[in-house]
Amino acid sequence: MENTIKQMAYHDWLTGLPNRYMLNEYIDKALARSKRSKNQLAVLFLDLDHFKSVNDMMGHELGDLLLKQVAGLLKGIAREGDIVSRLGGDEFIILLEDIDQKGAIIVAERILDEFRTPFQLSNKEFFLSPSIGISLCPQHGEDGQILIKNADDAMYLAKKSGKNNYKLYDCNSENIKNRVINLEQSLRKVIENKELVLHYQPQVELGTGNIVGVEALLRWIHPAFGLVLPLEFIPIAEETGLIVPIGEWVLETACRQNKKWQDEGFPPIKIAVNISVRQLQDSHFIEHVKNILQKTELNPELLELEMTESLMQNFEQSVKAIDELKKIGVKICIDDFGTGYSSLSTLNRLPVDYVKIDKSFIMDVVSNSNTATLVRTIISICQNLKFGVITEGIENEQQVNFLKLHQCGLSQGYLYSPPISSDSIEKILSEKYEIYSIIS
């Protein structure tokens, strides 16, 4: 009976891992050993991304089973003597003794790699990703609670930087955190204050050199910070739900601009707009798209919605939404292919029109034979599946020649043009649509 009570008092009821109370005891003892041996130790604070939405979708019973699988995965990664603890909810802490910064980062990267494999529950695949913060003793503190707080702060920045990554605690983390909080507050009035602007990057048909589309790219001109790039503020917008109204503004502005170009006599071109999974899962999203197309009078076939592979996190719901969009006539593109959750084997399950190969592959396509083989394989599979292929990040003629050789369809990148204003796009469209007419 006494052992049962002790087990309940010091262990998490769901996963059986040490709880916060037992973790505190472990950390105190580990810190004492670290001080005597003068060896470093690390605290990894791990939070599951989007777990609430996964939990809501599956129900709490399956959500609990998923947490048990996560606990098992983390225990499998930890070395003998390391402590894996669950604080509660979807938060875990790993205590690593006799380890330096490089070693702690290796553990964090291994965790991220392991999470790329889907979890299996009730004959279904579920994708999860973690955000991880790292603090080290003695650099970032010599007290257990301070180390946990600093690792938590670093995790917060990892989450605000796009999730599915890790951050090492930095002495400037508090300043960075204050900036993030400031941006979050400002973001709530960003549409009202008219601080958002769209730039456009041409998409070129490699076979003809014609501009056949543009991608709309969001920029934020902050009154105090100046230009704030999407990489910094989009994760904040997604975390707070502000991505829904911001995304609606982007979609309407882009559609209105494209219709304006047609009304001014320019030949019709496709406009690509980035959509987050948070938008796709919004119950009103399909209706918003229909209303915007009706309001702007844009032909639905001239609108392409780009979404990343994170849609695989909620595959069935995403596919249902995509099917509804395709009924309207809208084109669908998987953006940044190769960097996220899906693989070549899952392409045939996606009802999409285009696949955009991530620029990280294009960067090495000429110099790295393995990358070249991978890109060739993606292009070949897409051709067999009747998908169009778009490549981004084109910077030189060697890349163009490679893609032409393998019959890639469309490309965009700084070789042709950086993202530019709508006025600059109009100047380009006034010319003959030749590739070299837009190289500056």
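Scope of this entry: the structure provided in the associated data block. (Residues numbered from 1 in each chain as written. Predicted model: local features only at pLDDT ≥ 70, side-chain atom pairs only at ≥ 80, totals over all residues. Heavy atoms only, no water.)

### Some thoughts on the sheet that holds strand S2 (residues 83-88)
Next up, step 1: Spatial ordering of the open sheet is given by S2-S3-S1-S6-S7, a layout of five strands whose pairing is mixed. The open sheet is flanked by S2 and strand S7 (166-168), the only strands paired with a single partner. Recorded for the sheet is a direction-independent mean angle of 20° between the axes of neighbouring strands.
Next up, step 2: One ladder, built from seven bridges, connects strand S1 (residues 41-48) with strand S3 (residues 91-97); its direction is antiparallel. Across the sheet, the residue bridging to Phe-45 is Ile-93, located in S3. (Pairing = 2+ DSSP bridges. Helix = DSSP H or I, 4+ residues; strand = E, 2+ residues; numbered from the N terminus. Axes fitted to C-alpha atoms, helices over the stretch in contact; angles between N-to-C directions.)

### With respect to unusual backbone geometry
Next up, step 1: Residue Pro-138 follows Cys-137 across a cis peptide bond; omega there is 15°.
Next up, step 2: Position of Pro-138 relative to the elements: it lies in the loop between strand S6 (130-137) and helix H6 (144-160).
Next up, step 3: In the Ramachandran plot, Asn-164 falls in the positive-phi region, its phi being about 50° despite a non-glycine side chain.
Next up, step 4: In this fold, Asn-164 is placed in the loop between H6 and S7.
Next up, step 5: Despite not being glycine, Lys-386 shows a phi value in the positive range, around 65°.
Next up, step 6: If you trace the backbone, Lys-386 turns up in the loop between helix H14 (369-384) and strand S15 (388-392).

### Things to note about the nonpolar core
If you look at soluble globular proteins, the nonpolar side chains tend to sit buried side by side.
Next up, step 1: Grouped together as the largest cluster of nonpolar side chains are 80 residues, with contacts concentrated most on Leu-187, Ile-246, Val-273, Leu-303, Leu-305 and Leu-403.
Next up, step 2: When residues of this core are assigned to their parent elements, the largest contribution, seven residues, is made by helix H9 (residues 243-263).
Next up, step 3: Residues in contact with Ile-246, not counting those within four places in the same chain, are Leu-187, Val-190, Ile-191, Leu-196, Leu-218 and Ala-237.
Next up, step 4: In terms of nonpolar packing, the next biggest core, distinct from the first, is built from 36 residues, Ala-42, Phe-51, Leu-66 and Ile-94 among them. (Core = buried A, V, L, I, M, F, W, Y, C linked by side-chain atoms within 4.5 Å. Buried < 20%, exposed > 50% of the residue type's maximum accessible area, 1.4 Å probe, protein only. Contact = heavy atoms within 4.5 Å.)

### Digging into the packing of aromatic side chains
Next up, step 1: For the coordinates displayed, the defined rule picks out three aromatic pairs.
Next up, step 2: On the numbers, 5.6 Å between centres and 70° between planes, the contact of Phe-115 with Phe-119 is edge-to-face. For the pair formed by Phe-115 and Phe-119, the shared burial category is buried.
Next up, step 3: Pairing Trp-220 with Phe-233 gives two aromatic rings, centres 5.4 Å apart and planes at 80°, and the pair type is edge-to-face. (Phe/Tyr/Trp six-rings, centres within 6.5 Å; stacked < 30°, edge-to-face > 60°.)

### Points about the pattern of salt bridges
Next up, step 1: Taken as a whole and assessed by the stated rule, the structure comprises 22 salt bridges.
Next up, step 2: Close ionic contact of Glu-97 with Arg-33 constitutes a salt bridge, the shortest N to O distance being 2.7 Å. With a gap of 64 residues between them, Glu-97 in strand S3 and Arg-33 in helix H2 (residues 20-37) connect regions that are remote in the sequence.
Next up, step 3: Where Arg-116 meets Asp-113, a salt bridge forms, and the shortest distance between an N and an O atom there is 3.9 Å.
Next up, step 4: Its relative accessible area of 46% is what places Arg-116 among the partly exposed residues. (Salt bridge = Lys/Arg side-chain N within 4 Å of Asp/Glu carboxyl O.)

### With respect to a nonpolar patch on the surface
Next up, step 1: Taken together, the side chains of Val-197, Ile-221, Leu-227, Leu-229 and Leu-231 make up a nonpolar region of the molecular surface, amounting to roughly 470 Å² of accessible area.
Next up, step 2: Among the structural elements, Ile-221 can be located in strand S9 (residues 211-222).
Next up, step 3: A relative accessible area of 44% means that Ile-221 is categorised as partly exposed. (Patch = residues over 30% accessible without salt bridge, like charges linked within 9 Å, V, L, I, M, F, W, Y side chains within 5 Å. Areas by Shrake-Rupley, 256 points an atom, 1.4 Å probe, with all protein chains shown as cover.)

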